[in-house]
Amino acid sequence: MCRHVCGGIFLLRNVRAMMKQNLPSQTETLVDSSITRSELVELLSEQFPQLLPKDVELAVKTLLDTMTQALAAGKRIELRGVGSFVLHHRPARVGRNPKSGEQVMIPEKKVPHFKPGKELRERVDYKANPDLPKID
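Our subject in this report is the structure included herewith.

Quick notes on the rules
Residues numbered from 1 in each chain as written. Predicted model: local features only at pLDDT ≥ 70, side-chain atom pairs only at ≥ 80, totals over all residues. Heavy atoms only, no water. Helix = DSSP H or I, 4+ residues; strand = E, 2+ residues; numbered from the N terminus. Buried < 20%, exposed > 50% of the residue type's maximum accessible area, 1.4 Å probe, protein only. Polar contact = N/O pair within 3.5 Å; in protein donor to acceptor, adjacent residues only side chain to side chain. Contact = heavy atoms within 4.5 Å. Pairing = 2+ DSSP bridges. Axes fitted to C-alpha atoms, helices over the stretch in contact; angles between N-to-C directions. Salt bridge = Lys/Arg side-chain N within 4 Å of Asp/Glu carboxyl O.

**Comments concerning the environment of Lys 54**
Reasoning step 1: With respect to the secondary-structure elements, Lys 54 resides in helix α5 (residues 53-72).
Reasoning step 2: Sequence spacing of Lys 54 and Val 41 is 13 residues, and the spatial spacing of their C-alpha atoms is 8.7 Å.

**Side note on the side chain of Ser 84**
Reasoning step 1: Tracing the backbone through its elements, the reader meets Ser 84 in strand β2 (residues 83-90).
Reasoning step 2: A relative accessible area of 6% places Ser 84 in the buried class.
Reasoning step 3: A distance of 3.3 Å separates polar atoms of two side chains, one belonging to Ser 84 and the other to Arg 76.
Reasoning step 4: When neighbours within four sequence positions are excluded, Ser 84 is seen to be in contact with Arg 76, Ile 77, Glu 78, His 113, Phe 114 and Lys 115.

**As for the pairing of β2**
Reasoning step 1: Pairing of strand β1 (residues 77-79) with β2 involves 3 bridges; the strand directions are antiparallel. Residue pairing across strands places Glu 78 opposite Ser 84, the latter belonging to β2.
Reasoning step 2: Where β1 hands over to β2, the hairpin turn is made up of 3 residues, of which Gly 81 adopts a positive phi near 85°.
Reasoning step 3: Bridge count between β2 and strand β5 (residues 109-116): 8 bridges; the pairing is antiparallel. Within the sheet, the bridge partner assigned to His 88 lies in β5 and is Val 111.

**Describing the sheet that holds β1**
Reasoning step 1: Spatially, β1-β2-β5 is the arrangement adopted by the 3 strands of the open sheet, whose pairing is antiparallel. Each edge of the open sheet carries a strand with a single partner, namely β1 and β5. Sheet twist, expressed as the average angle between the axes of neighbouring strands with direction ignored, equals 25°.

**Overview of the pattern of salt bridges**
Reasoning step 1: Evaluated as defined, the whole model comprises 4 salt bridges.
Reasoning step 2: A salt bridge links Glu 78 to Arg 80; the nearest nitrogen and oxygen atoms lie 2.9 Å apart.
Reasoning step 3: On the basis of relative accessibility, which here comes to 63%, the residue Arg 80 falls in the exposed class.
Reasoning step 4: Among the ionic pairs, Glu 122 bridges to Lys 118, the shortest N-O distance being 4.0 Å. Taken together, the residues Glu 122 and Lys 118, both in helix α6 (residues 118-128) and 4 residues apart, mark about one turn of the helix.
Reasoning step 5: Through salt bridges with shared partners, one network takes in Arg 76, Glu 78 and Arg 80.

Given below as structure tokens:
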């Protein structure tokens, strides 16, 4: 159990270091599309060969589950240099059924919202604008 938890902590502590490194050439094609959870586990397993792939998979699952539980409990999640996750409240409202035109009551709900941090915004923008200074 400690190996799984320690592996997760190791990965979490290195999020910023991973952001600062250049992506390996084989993952550049993934940047153009989306990355699935299994692809993320594979990339992290390659990045950290000292961890077993099943430990990386458990660490990613634990991280995402913990974040989901925190948001479900109404908490704010902040990852320095990456961004923050908050819940936005959408009040109840009246909508329309597009088929019949009939009015329908839409209940209130909470929607997760991600706000990227400054470092992430600059890194993403750096790819589009190489004239900007590189982040160290």
